[in-house]
Each structure stands twice: as structure tokens, then as C-alpha cells.
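Structural overview for review
Below, each chain spelled out in residue letters.
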Amino acid sequence: MERPADLAAAIDAAAGTLIAVLDSAASRHQVPPTQLRVLALISARPETNVNGLAELLDVVPSSASRLCDRLEATGLLRRMADPRDRREVRLVPTAAALTLLGELAERRQRAVQAVLDRMPARMQHDLLLALAGFARAASAVSEQQTDSAAQTA
């Protein structure tokens, strides 16, 4: 089967639409998107410190630290000494932050489900298969890029 010439453009447009749906679900929160992203990053990476967060965000450490200051002031983040190395300070989301992230995930899933409910069941099934295939291909590309980078280092 031949690939349509505009497939990449269609995927890009669909990604933009998906982001808009997800953003609209998140817009009800009082927490700015950048701070939500920080909370998501540190909740997924329990060993994160300010320098690691700065790398993940591609910002200077002082900017990451100011973001953490704001999150700490709102009760969504704690800085804690690493029990293995007291010189290291880990960033830990509070219970309130984890609740917020859980509510956000539920809201986003409901928003996506509302869109899916407008599609025929067969199209939903085809989309599921296509997304699974896309994820596998993207993982393979990512692994290949990692291997190439390691070989050239």
C-alpha cells in the first residue's frame, strides 16, 4: 500500500488538535502549564534535583530553581535531602500535587473520550492499531538514534 503524500501533515494536524483538546481540559486548573509540566516530570522521576530538572526543561538551573520556589510556595513541591547523599536535594511532589495530576489526567482522558465517542467504533479500533504501530516505530527510531549517538561519542 502506498503512503499518502500528506500523511505526515495529517498527523501533525491531528497532534495539534489533540494538544488543543488536552490543553482545554487542563485550562480549568489554577496552576500554569509550565508548573504542571514540572510536577509531571518530577513525579515520573523521583531522583530529580534542580540541576536535573533544568536539563529536562532545557533551562538554566536558576530558572528551574525559581519554578520550584513558586511550586513550593503553593504547597505542591517539597525539597528534601537525599538520604544517600545529604548534599543532594531532591524535588518531591506533595500529596496535593499528586492529587492535582491525577485529576488532570482524568479530565484529559474524559476530553479525549468525548472526541472518540463521536467516531464510529471501527475507526476507533483502526486508530488504536495505528497509534500502537506509530509508538513502536517511534521507539525503534529513538533506540536507533541513541545507538548512533553512543557510537559517535
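For the structure, see preceding data.
Residues numbered from 1 in each chain as written. Predicted model: local features only at pLDDT ≥ 70, side-chain atom pairs only at ≥ 80, totals over all residues. Heavy atoms only, no water.

With that settled, consider the overall build of the chain. When you go through the chain residue by residue, the secondary structure sums to six helices and two strands. Shown N-terminal to C-terminal, the secondary structure of the chain runs as helices and strands in the order α-α-α-α-β-β-α-α. The C-alpha radius of gyration computed for the chain amounts to 19 Å, which surpasses the reference 15 Å derived for 153 residues by more than 25%, pointing to a less compact arrangement than a globule. With the C-alpha coordinates aligned to their principal axes, the bounding extent of the chain is approximately 60 × 45 × 25 Å. (Helix = DSSP H or I, 4+ residues; strand = E, 2+ residues; numbered from the N terminus. Rg over C-alpha atoms; globule rule 2.2 N^0.38 Å.)

Running from N to C, helix H2 (residues 33-44) and helix H4 (residues 61-73) cross one another at 90 degrees; their axes reach a closest spacing of 11 Å. On the basis of their axis angle, the class for H2 and H4 is roughly perpendicular. Every residue of H4 that contacts H2 at Thr-34, Gln-35, Val-38 and Leu-39 is listed here: Leu-67, Arg-70 and Leu-71. Class assignment of the residues belonging to the contact of H2 with H4 gives a composition of four nonpolar, two polar and one charged. (Axes fitted to C-alpha atoms, helices over the stretch in contact; angles between N-to-C directions. Parallel < 35°, antiparallel > 145°, perpendicular 65-115°, else oblique. Contact = heavy atoms within 4.5 Å. Nonpolar A, V, L, I, M, F, W, Y, C, P; charged D, E, K, R; others polar.)

Another point: the pairing of strand E1 (residues 77-82). Regular strands place their side chains on alternate faces of the sheet. Bridge count between E1 and strand E2 (residues 85-93): six bridges; the pairing is antiparallel. Directly across from Asp-82, in E2, lies its bridge partner Asp-85. Connecting E1 to the next strand, E2, in antiparallel fashion are two residues. (Pairing = 2+ DSSP bridges.)

Position of Asn-49 among the secondary structure elements: in the loop between H2 and helix H3 (50-57). At a separation of 3.2 Å, a polar atom in the side chain of Asn-49 contacts the main-chain amide nitrogen of Asn-51. Non-local contacts of Asn-49, meaning those with residues more than four positions away in its chain, are made with Glu-88, Val-89, Arg-90 and Leu-91. (Polar contact = N/O pair within 3.5 Å; in protein donor to acceptor, adjacent residues only side chain to side chain.)

On to H3, then. Side chains of residues three or four places apart in an α-helix project in the same direction, reflecting 3.6 residues per turn. If you check which residues of H3 are buried, you get Val-50, Leu-53, Ala-54 and Leu-57. Along the axis of H3, the buried positions cluster into a sector of 105 degrees, meaning they face one direction only. Buried residues in H3 make contact with H2, H4, E1 and E2. The N-cap of H3, judged by a side-chain oxygen 3.2 Å from the amide nitrogen of Asn-51 a few residues on, is Asn-49. A positive phi of about 60 degrees marks Asp-58, the residue just after H3. (Buried < 20%, exposed > 50% of the residue type's maximum accessible area, 1.4 Å probe, protein only. Arc of directions from axis to C-beta.)

On to the pattern of salt bridges, then. A full pass over the atoms with the stated rule returns nine salt bridges. For Asp-69, the salt bridge is made with Arg-79, and the minimal N-O distance between the two is 2.9 Å. Here Asp-69 is found in helix H4, whereas its partner Arg-79 is found in strand E1, with ten residues between them in sequence. Since its relative accessible area comes to 38%, Asp-69 is described here as partly exposed. For Asp-126, the salt bridge goes to Arg-122, with nearest N and O atoms at 3.4 Å. One end of the pair is Asp-126 and the other is Arg-122, both in helix H6 (residues 121-152) and four residues apart, which spans about a single turn. Residue Asp-126 is classed as partly exposed on the basis of its relative accessible area of 36%. Its relative accessible area of 57% is what places Arg-122 among the exposed residues. (Salt bridge = Lys/Arg side-chain N within 4 Å of Asp/Glu carboxyl O.)

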